[in-house]
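Breakdown of the fold
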Amino acid sequence: GAGAMVVAGGTFVHGLEVRGLLAETVALVDISRLELRGISASSDGGVVLKALTTLAAVGEAPLISKNPAFGCIGDALRYPPRQILNVGTVGGCVAAAAPLYDLPAAFLALDGQVQTSLAGSQRTIPLNDFFIGLFESALQRGEIITAIELPAPAARTASAFLKLETNANDLSILNVAVRLTLDQAGKCADCRVILGGGVGETYVRATSVEAALRGQAAGEASFAAAAAAVVADFEAVEDHRASAAYRRHIAQVYVRRTLATA
């Protein structure tokens, strides 16, 4: 009922408790023994990550690590400490709906979808529609994530992720995930730019950056021009990690760097 909370790896339980968000929770329902682990190729050439797969297993999977299109996932998994990688799960990371987390930004850049189960019925939710607010998602009570599905990437696609943090293993001041597809002439045929960290109560898709980049030859000049447009895409948050002005400035720097990395 209303007093229960599902946990997988359980790495975010303390984070919720110290924020006073578990005052009405009287029971934790541990789903870690459900058979929801593994990584496989989907019929269309994409990848399916079952919800209880650990972050470490995702980073080590050849389907992820050997495909440049999924490079942003490996990049995002360079930041958490080994203890979190070994215990945290992909489903729990997404279900937390915490925009300070890194991996969901990468999944958003890859147009990922969430597969869920509730009382025997399944549904698929695009990640663009999954995150509603800070610690709020589209999951209904009793509904759990069973998998994250990443569609097959287009040819000549690569992705990257960068994070700015105050010190090792800290939550992000800002993070950026980018997916970039070039045509045969080296121009941007498609792209996706996602911001996380202190940019609001949920992740932000930088549509102004994407619009400025499409059709342009990939290179430092086009990346810098497109990155400058990011200030129109979000209202920077001011907190103990950084001022709003600093976040607006560093967003331009990190979008440009992440595009260049991809």
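See the structure above.
The subject of this paragraph is the packing of helix α10 (residues 220-228) against helix α11 (residues 244-261). α11 packs onto α10 with a crossing angle of 145° between their chain directions and a minimal axis gap of 8 Å. For the crossing formed where α10 meets α11, the hand is right-handed. Residue-level contacts link Glu-220, Phe-223, Ala-224, Ala-227 and Ala-228 of α10 to Gln-252, Val-255, Arg-256, Leu-259 and Ala-260 of α11. In terms of residue class, the contact of α10 with α11 is made up of seven nonpolar, one polar and two charged.

On any regular strand, side chains alternate: one points to one face of the sheet, the next to the other face. Pairing of strand β5 (residues 113-118) with strand β6 (residues 121-126), which is carried by six bridges, proceeds in the antiparallel orientation. Paired with Ser-117 across the strands is Gln-122, a residue of β6. Count of turn residues in the β5/β6 antiparallel hairpin: two residues, of which Ala-119 carries a positive phi of about 50°.

Read from one edge to the other, the open sheet built from four strands follows the order β10-β11-β12-β13, with strand pairing classed as antiparallel. Of all the strands in the sheet, the pair left with one neighbour each is β10 (157-165) and β13 (204-205). In the sheet, strand β12 (residues 188-197) pairs with β13 via two bridges, with the strands oriented antiparallel. Across the sheet, Ile-194 pairs through a bridge with Arg-205, a residue of β13.

This next bit is on the environment of Tyr-101. Mapped onto the secondary structure, Tyr-101 falls in the loop between α6 (90-95) and α7 (103-109). Judged by its relative accessible area of 17%, Tyr-101 falls in the buried class. Along the primary structure Tyr-101 and Ala-226 are separated by 125 residues, whereas in three dimensions their C-alpha atoms are 25 Å apart. Leaving out residues up to four positions away in the same chain, Tyr-101 has contacts with Phe-12, Cys-93, Ala-96, Leu-171, Asn-175 and Tyr-203.

With that settled, the discussion passes to the nonpolar core. With 77 residues, the main nonpolar core has Ile-73, Val-94, Leu-103, Phe-107, Phe-130 and Val-255 as its most contacted residues. Per-element tally for this core: the top contributor is α11, with seven residues. Other than its neighbours up to four places away in sequence, Leu-103 contacts Leu-55, Ile-73, Ala-76, Leu-77, Val-90 and Cys-93.

This part covers the state of the cysteines. A covalent bond bridging the sulfur atoms of two cysteines is what the word disulfide describes. A full pass over the atoms with the stated rule returns zero disulfides. The structure places no disulfide on Cys-93, whose sulfur is separated from the nearest cysteine sulfur, that of Cys-72, by 13 Å. We classify Cys-93 as buried; its relative accessible area is 10%. For the unlinked cysteine Cys-188, the closest cysteine sulfur is that of Cys-191, found at 4.0 Å. A relative accessible area of 4% places Cys-188 in the buried class.

Let us now look at the pairing of β10. Among the nine residues of β10, eight are classified as buried, and the element is accordingly described as predominantly covered. Examined bridge by bridge, β10 and strand β11 (residues 172-182) share nine bridges and lie antiparallel to one another. Looking at β11, one finds that Thr-157 is bridged to Thr-181. Linking β10 back to β11 in an antiparallel pair, the connection comprises six residues, with Asn-169 at a positive phi of about 75°.

What follows is about α10. Every α-helix winds through 3.6 residues per turn, so residues three or four apart in the chain are directed the same way. Listed in full, the buried residues belonging to α10 are Ser-222, Phe-223, Ala-226 and Ala-227. All buried residues of α10 fall inside an arc of 130° around its axis, so they share one side. Every exposed residue of α10 that faces more than 90 degrees away from the buried side is listed here: Ala-221 and Ala-225. For α10, the secondary structure elements touched by its buried residues are β11, α9 (207-213) and α11.

This brings us to the sheet that holds β6. Pairing is antiparallel across the open sheet formed by five strands, whose spatial order is β3-β4-β9-β5-β6. Because the sheet does not close on itself, it has two edges, and the strands there are β3 (39-41) and β6. Within the sheet, the average angular offset between the axes of one strand and its neighbour, ignoring direction, is 25°.

So, how was this worked out
- Within any chain, residue numbers begin from 1 and follow the written order of that chain's sequence.
- The model is predicted, so local features are restricted to residues of pLDDT at least 70 and side-chain atom pairs to those at 80 or more, both for listing and for counting; the totals for chains, interfaces and linings are taken over all residues.
- The basis for every side-chain value is the complete set of non-hydrogen atoms in the structure, without hydrogens or water.
- The axes are straight lines fitted to the C-alpha atoms, using for helices just the contacting stretch, and the angles between their N-to-C directions are given from 0 to 180°.
- Helix and strand assignments come from DSSP, with helices taken as H or I runs of at least 4 residues and strands as E runs of at least 2, each series counted from the N terminus.
- Crossing chirality is assigned from the near helix's rotation relative to the far helix, an anticlockwise turn below a right angle marking it left-handed and a clockwise turn marking it right-handed.
- Contacts: residue pairs with any heavy atoms within 4.5 Å of one another.
- By the convention adopted, Pro, Cys, Tyr, Trp, Phe, Met, Ile, Leu, Val and Ala count as nonpolar, Lys, Arg, Asp and Glu as charged, and the other residues, Gly among them, as polar.
- Here, any two strands with at least 2 DSSP bridges between them count as paired.
- When a residue's accessible area, from a 1.4 Å probe over protein chains only, is under 20% of the maximum for its type it is buried; when over 50% it is exposed; and in between it is partly exposed.
- Here, the term nonpolar core denotes a set of buried Ala, Val, Leu, Ile, Met, Phe, Trp, Tyr and Cys residues that are joined through side-chain atoms within 4.5 Å.
- The disulfide criterion used throughout: a pair of cysteine sulfur atoms within 2.5 Å.
- The arc in question is formed by the directions pointing from the helix axis toward the C-beta atoms.

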